[in-house]
Amino acid sequence: MGEQVEVKVDRKAGHMVRTSTQSGIEVKPFYNDKDVQHISYAEDLGDPGSYPFTRGLYPEMYRDRLWLKSFIVSYATAEETNKAFRQYIANGLTDLRLLCDLPTQSGIDPDHPSAWNSMMCGGVATYAINVYEEMLEGLPLGEAVFEFAHAGMSSFLYFYGLLVAVMENKGIDIKKLRGNSINDPIRSKLVYGCPDFPTFVDRRICLDHIEYSVRNTPNWRPIAPNGVDPCQAGMDAVKELGGCLAVATQVMTDLAERGITIDEFGPMVFALDAESDFFETIAKFRLARKMWAKIAKEKFNAKTKRAMQLKIGIRTSGLSLTHQKPLNNAARVTLQILSCVLGGVNSLDASSIDEAVGLPSIEARLFNLDTQHIITHEANVPLVADPLGGSYYLEWLTSHMETEVNKYLQEIEERGGVFACLESGWLNEVLEASRLKVQREKAEGKRLIVGVNAFRQEGEEGPVNKAIRDVAYKPPTVAAREEKVAEVKRYKAGRDMKRLKPLVKGLYRATKEGRNTQRPVIDAAKAGMTVGECVGVIRTAYGIHYDPFKEIEMPDFVREIVKET
Amino acid sequence: MEEKRPIRVLIAKVGCDIHERGALTLMTTLRDNGMEVIYTGRYQTPKGVANAAVSEDVDVVALSDHTGSLPIIAESVLSELEKFGVSDIKVVAGGLLTPADVKSLEDMGVTGNYGPGTPMEVIVEHIRGLV
Amino acid sequence: MARTTNVDELIDLMKNRDIKGLARAISIVENDGEGKVRLLNEAFKEASGTCLTLGFTGAPGVGKSTLINSVIKQYRQAGKTVGVITVDPTSPFSGGAVLGDRLRMKEHNTDSDVYIRSLASRKALGGLSEATKYALYLFKAFGFDVIIVETLGVGQDEIDVAKFVDVTALLLVPGYGDTIQMAKAGIMEIADIFIINKSDRPGAELLKKQILNILYMKPEGERPPVVNTSADRDEGVEAVMEAIELVRSRSTIDGTERYRRRIAEEIRSSALSLLKNKVDQHLEQMVDRVLTCATTPIEAAEDILRHLRG
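Small disclaimer: the values here were computed from a predicted structure and weren't measured.

1. Section: the overall build of chain A
Right, so step 1: Across its full length, chain A holds 23 helices and eight strands.
Right, so step 2: Taken against the 2.2 N^0.38 rule, which gives 24 Å for 565 residues, the C-alpha radius of gyration of chain A at 24 Å falls within 12% of a compact globule.
Right, so step 3: Per-residue burial over chain A gives 51% buried out of 565 residues.
Right, so step 4: The long-range share in chain A, meaning contacts at least 24 apart out of those at least 6 apart in sequence, stands at 74%.

Now the structure itself:
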């Protein structure tokens, strides 16, 4: 690498380079009772377990139940992933994040020409039910908690379908299914530009999944508006939270049209980002619970306590991790985990210290779990609920952010709601402006990243940093990819088409006739319908090209279905 | 002899990698440093990237990827460029890279090979140096 | 193989329909490189007289690229080869540019019968309309059946581009409230077709009425068609194709006169552009003289012209 630019900071007498939080909220040197005079304990905070749940969802908080510890488990093969799941569970992991590789997340099969370059990257190439069966073999399906954090909206429909199909095939009551789907149509387009479906199809699929789940798998949270990925893409904390609230509000409104009330729906889940700014992150979590409780009660007339409760699932910031001096990432992740515990979150997926180097190694993941055990059992942080509650600074910050989030929500509403804001490109502009602001601050030295634009290492890298680089997980080879393509082709050729075709036809007709698509997806998945076929058939029913990439034509049996219908 | 013009760069993402922030950040940085930048967007094929690079008569193709597949991607893009009979378009890469990846990329003639968090000035200077 | 800058080789490459030749030739012409004039002369002689040139113009965000993407698809299905010129603004601060329109036409990226080239507006070098005009020569010489030019539709340059194409379509979207501004900018006058994109949005009908009101004064046989589309849903593209054919069938009536006018416009704009460059060479010196009270701006202008004649 060439000459690197470094911001000069006096290492001995150094001072803070900024006077505002990471999101640009200007703060004073100190806060006192005058700054929190407007805050009412009963109305704005409440005891843990009481409305508006600012201080936490449960009176006993972590004494009663610790946060769920989860990872996105993303190894290349079903076998490796299954092995890793078992190892993690043995080390205290309680929540399984089932991710798949990037092509299947985008709605295409491994034998699609565009799959090649990212095949088996980011997870297993989960093209059909056989892969799920292998990946989940021997795992406690009725007891585990699953999370879906895929990119495309087709993923939630299809992979939830696979999970239900596997459980039903094993004779397990699907009512026992626990966990959540991100299923956030705004995030899929705004952040990932997912090609699987156009937005208007995304929006319908989202509701189909929720509706089916509410009525058949009551312990599954079928939507978790996602702030993590918008935030990683550039949104600040205010817009991250505002975006989640806007999506949740829109979806609850849409569900009402399908006759589902908020009380029937139950608790909401948000997937939020634990960023590097310690207090801002804690304030954001507390505020998220409070604002959703108020919206649920005041806007949707929630009657039950459950329906006013927001569960927070966390992913710690991957973007904050650096390629330079990767050991430093241990400090970053530890602080981020601490902010989650102090903020009273419900589940936590922490990034690994080697994530900026490669896909996380198993060792780095286990270090992560241990960090959480140390915070719990050695540092005793979770002993008391909301231990920072009442802090002048934190309470002021929480209250100030509420005003800012409300302004943002107001603007979205004035622009016709969150979908109109997506389709007009306004959300993109907001994201871009926010991202550029950060980029500028870094260039101007107003945002220091240790080891990157300040406090850089002189000379050779030490052995620990080197070792972190070396253990990072290596992506699959060309030979492994070739074998995968051959495997998929064999699988497709070996299916009982007499059984499969009418079930796929069922999905085609349900899509066309506006009926819920979730059950037909489950049934067809049992007979071997692949993710690419699922996406293609739904697209075809809408009269758009079978292939999101427009590179391949529909298979013959789908062509026959279209002709026959 | 050569006409004077801004440096033209094609920023490309091949395959289904969804991480776009690095590419976008590079895009605006290069523009702000007086370059003409063409961004292909996500979900590209190697052939499409090579075709765009030749059509747009760019000086540099910058590949961005966060799946750990940069060597595979670079190899196929280089081979597609070769099919067009073009060898003077420089290819640079950035994203998730292991030391082994960097080595194999360098062997192919792909330069830069920057990890996340690399200061933008470094990349700008590298591209200027190439052209 | 390194890409050549030799004019003869480039001409040969173009005759062999090798896009490397066209791509490099455009760079040379765009940047006033060596051999520009010869390239353009050769291109003019080679130019296909039967190709159809289309202009799509409209404010940023109205969906031009997405619509063009669908139009390309229509022509490709009919077996036609398509060349596309897209223009994006150059940053006045850095001189750099983000050329982003390919992004929305990527399904044609692997089709060897579709060629897409992005130009930056780069005001310094003769302006956008000059670069586009010359790029059109090269595209015509390459022999595409259809050539599409996409411009931003915000200034005089874009209005000028309309003079160099057969059919100009103006894209509008409901709810922007920019109809009146368009009228002011003079774009309403040059449009042969009005396309209301994103017609699934509220306000589409109102916008159509507003446009029809403005067009009402034109005789029926010359009145530009108004078409509704939702390009992101692939809706209304056939209607756009029909409108293009309709306008084309009208313009063949006075085809010769139209061509004559275009050539006149091309000569005029090229001459003015040459003149401007020459004038610019004397400008600084004359400014100094005016500032030291040695002459007046009026006299300075006459001095420059005298100098050019001599």
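Moving on, there is more to tell.
2. Details of the environment of Ala115(A)
Right, so step 1: Along the chain, the position of Ala115(A) falls in the loop between helix 3 (102–105) and helix 4 (129–135).
Right, so step 2: The spacing of Ala115(A) and Leu102(A) is 13 residues in sequence and 8.1 Å in space, taken between C-alpha atoms.
Right, so step 3: Apart from the residues within four sequence positions on either side, Ala115(A) is in contact with Pro103(A), Ile108(A), Asp109(A), Pro110(A) and Cys16(B).

3. So, the interface of chain A and chain B
Right, so step 1: Listed per partner, the contact involves 40 residues of chain A and 30 residues of chain B.
Right, so step 2: Secondary-structure elements contributing two or more residues to the side of chain A that touches chain B are helix 3 and helix 17 (426–443) of chain A.
Right, so step 3: With four residues, helix 17 of chain A is the single largest residue contributor to the side of chain A that touches chain B.
Right, so step 4: The residue inventory of the side of chain A that touches chain B, partitioned by class, reads 22 nonpolar, 15 polar and three charged.

4. Some thoughts on unusual backbone geometry
Residue and element names in this part refer to chain A.
Right, so step 1: At the junction of Tyr51 and Pro52, the peptide bond is cis and its omega measures out at 0° in the coordinates.
Right, so step 2: Topologically, Pro52 is positioned in the loop between helix 1 (41–45) and strand 1 (68–73).
Right, so step 3: Non-glycine residue Met120 carries a positive phi angle of around 60°.
Right, so step 4: Mapping Met120 onto the fold places it in the loop between helix 3 and helix 4.
Right, so step 5: The phi torsion at Asp386 lies on the positive side, around 40°, for a residue other than glycine.
Right, so step 6: Within the fold, Asp386 resides in the loop between helix 14 (362–377) and helix 15 (392–414).

5. Observations regarding the nonpolar core
Taken as a class, soluble globular proteins show a tendency for nonpolar side chains to be buried jointly.
Right, so step 1: Of all hydrophobic cores here, the largest spans 148 residues; its most connected members are Phe159(A), Leu245(A), Phe270(A), Ala288(A), Trp292(A), Ala296(A) and Ala525(A).
Right, so step 2: Looking at this core, the element that brings in the most residues is helix 9 (residues 237–257) of chain A, giving eleven residues.
Right, so step 3: Those residues in contact with Ala288(A) that lie beyond four places of it in its chain are Leu241(A), Phe270(A), Leu272(A), Leu310(A) and Ile312(A).
Right, so step 4: Within the second largest apolar cluster, 113 residues are counted, among which are Val60(B), Val114(C), Leu170(C) and Ile195(C).

6. Section: the domain arrangement of chain C
All names here are of chain C.
Right, so step 1: As assigned here, chain C comprises domain 1 (1–45), domain 2 (47–253) and domain 3 (264–309).
Right, so step 2: With 13 residues of domain 1 in contact, the opposing surface of domain 2 contributes twelve residues.
Right, so step 3: Of all elements in the fold, only helix 2 (19–30) and helix 3 (36–46) reach the threshold of two or more residues within the side of domain 1 that touches domain 2.
Right, so step 4: Counted by class, the side of domain 1 that touches domain 2 contains nine nonpolar, one polar and three charged residues.

7. Thoughts on the interface of chain B and chain C
Right, so step 1: In this assembly, 34 residues from chain B lie in contact with 33 residues from chain C.
Right, so step 2: Contributing elements (two or more residues each) for the side of chain B that touches chain C: helix 1 (21–32), strand 2 (36–39) and helix 2 (46–55) of chain B.
Right, so step 3: Broken down by element, the side of chain B that touches chain C gets its largest block of residues, six residues, from helix 2 of chain B.
Right, so step 4: Looking at the side of chain B that touches chain C residue by residue, the class counts come to twelve nonpolar, eleven polar and eleven charged.
Right, so step 5: By the bridge criterion, three bridges tie strand 2 of chain B to strand 3 (residues 97–99) of chain C in an arrangement that is parallel. What sits directly across from Glu36(B), in strand 3 of chain C, is Ala97(C).

8. Regarding helix 9 of chain A
Right, so step 1: With 21 residues, helix 9 of chain A extends 31 Å between its outermost C-alpha atoms, agreeing within 8% with the 30 Å of an ideal straight helix rising 1.5 Å per residue.
Right, so step 2: One or two positions beyond helix 9 of chain A, positive phi appears at Gly259(A), with a value near 80°.

9. Comments concerning the sheet that holds strand 7 (residues 193–196) of chain C
Residues and elements named next belong to chain C.
Right, so step 1: One open sheet holds the seven strands; their spatial order is 4-2-5-1-6-7-8, and the pairing between them is parallel. Because the sheet does not close on itself, it has two edges, and the strands there are strand 4 (114–120) and strand 8 (226–228). When strand polarity is set aside, the average angle formed by the axes of neighbouring strands in this sheet is 20°.
Right, so step 2: As defined by bridge partners, strand 1 (residues 52–57) adjoins strand 6 (residues 167–172) across four bridges and the pair is classed as parallel. Each residue of the ladder has a partner; that of Leu54, found in strand 6, is Val167.
Right, so step 3: The strands touched by helix 4 (residues 64–77) are strand 1, strand 2 (82–88), strand 4, strand 5 (146–151), strand 6 and strand 7; relative to strand 5, the strand with the most contacts, the crossing angle is about 175°.

10. Quick look at the packing of helix 5 (residues 153–169) of chain A against helix 21 (residues 518–526) of chain A
Between two packed helices, what matters for the description is the angle formed by their axes and the separation of those axes.
Residues and elements named next belong to chain A.
Right, so step 1: Interaxial distance between helix 5 and helix 21 falls to 8 Å at its minimum, and their mutual angle equals 60°. Between helix 5 and helix 21, the crossing angle belongs to the class labelled oblique. Two packed elements cross with a definite hand, and for helix 5 against helix 21 that hand is right-handed. Contacts between helix 5 and helix 21 involve Leu157, Tyr158, Gly161, Leu162, Val164, Ala165 and Asn169 from the former and Gln518, Val521, Ile522, Ala525 and Lys526 from the latter.
Right, so step 2: Looking at side-chain class alone, the contact of helix 5 with helix 21 contains eight nonpolar, three polar and one charged residues.

11. Regarding the packing of helix 2 of chain B against helix 3 (residues 70–83) of chain B
All names here are of chain B.
Right, so step 1: In the contact formed by helix 2 and helix 3, the axes pass within 8 Å of each other and the chain directions differ by 50°. Considered as vectors, helix 2 and helix 3 are oriented oblique to each other. Here helix 2 and helix 3 pass one another in a crossing that is right-handed. Counting all contacts with helix 2, which are made through Pro46, Lys47, Val49, Ala50 and Ala53, the residues of helix 3 involved are Ser76, Val77, Glu80 and Leu81.
Right, so step 2: Its residues assigned to classes, the contact of helix 2 with helix 3 comprises six nonpolar, one polar and two charged.

12. Quick look at the pairing of strand 3 (residues 145–148) of chain A
Residues and elements named next belong to chain A.
Right, so step 1: Pairing of strand 2 (residues 95–98) with strand 3 involves three bridges; the strand directions are parallel. From the neighbouring strand, Asp95 faces strand 3, where its bridge partner is Val145.
Right, so step 2: By the bridge criterion, four bridges tie strand 3 to strand 4 (residues 178–181) in an arrangement that is parallel. Bridge pairing in strand 4 links Phe146 to Gly179.
Right, so step 3: Once you follow strand 3 into helix 5 and on to strand 4, the crossover reads as right-handed.

13. Here's the deal with the confidence of the model for chain C
Right, so step 1: Averaged over every residue, the pLDDT of chain C is 85; the share at 70 or more is 90%.
Right, so step 2: In the predicted assembly, ipTM is 0.88 and pTM is 0.85.

What counts, and where the lines are drawn
- Residues numbered from 1 in each chain as written.
- Chains lettered and ligands numbered in written order.
- Predicted model: local features only at pLDDT ≥ 70, side-chain atom pairs only at ≥ 80, totals over all residues.
- Helix = DSSP H or I, 4+ residues; strand = E, 2+ residues; numbered from the N terminus.
- Rg over C-alpha atoms; globule rule 2.2 N^0.38 Å.
- Buried ≥ 20, exposed ≤ 12 C-beta atoms within 10 Å, placed from the backbone.
- Contact = placed C-beta atoms within 7 Å.
- Nonpolar A, V, L, I, M, F, W, Y, C, P; charged D, E, K, R; others polar.
- Core = buried A, V, L, I, M, F, W, Y, C linked by C-beta atoms within 7 Å.
- Domains from an automatic or database assignment.
- Pairing = 2+ DSSP bridges.
- Expected span 1.5 Å × (residues − 1).
- Axes fitted to C-alpha atoms, helices over the stretch in contact; angles between N-to-C directions.
- Parallel < 35°, antiparallel > 145°, perpendicular 65-115°, else oblique.
- Left-handed = near helix turned anticlockwise from the far one by under 90°.
- Right-handed = clockwise from strand over helix to strand, strands pointing away.
- pLDDT = per-residue confidence, 0-100.

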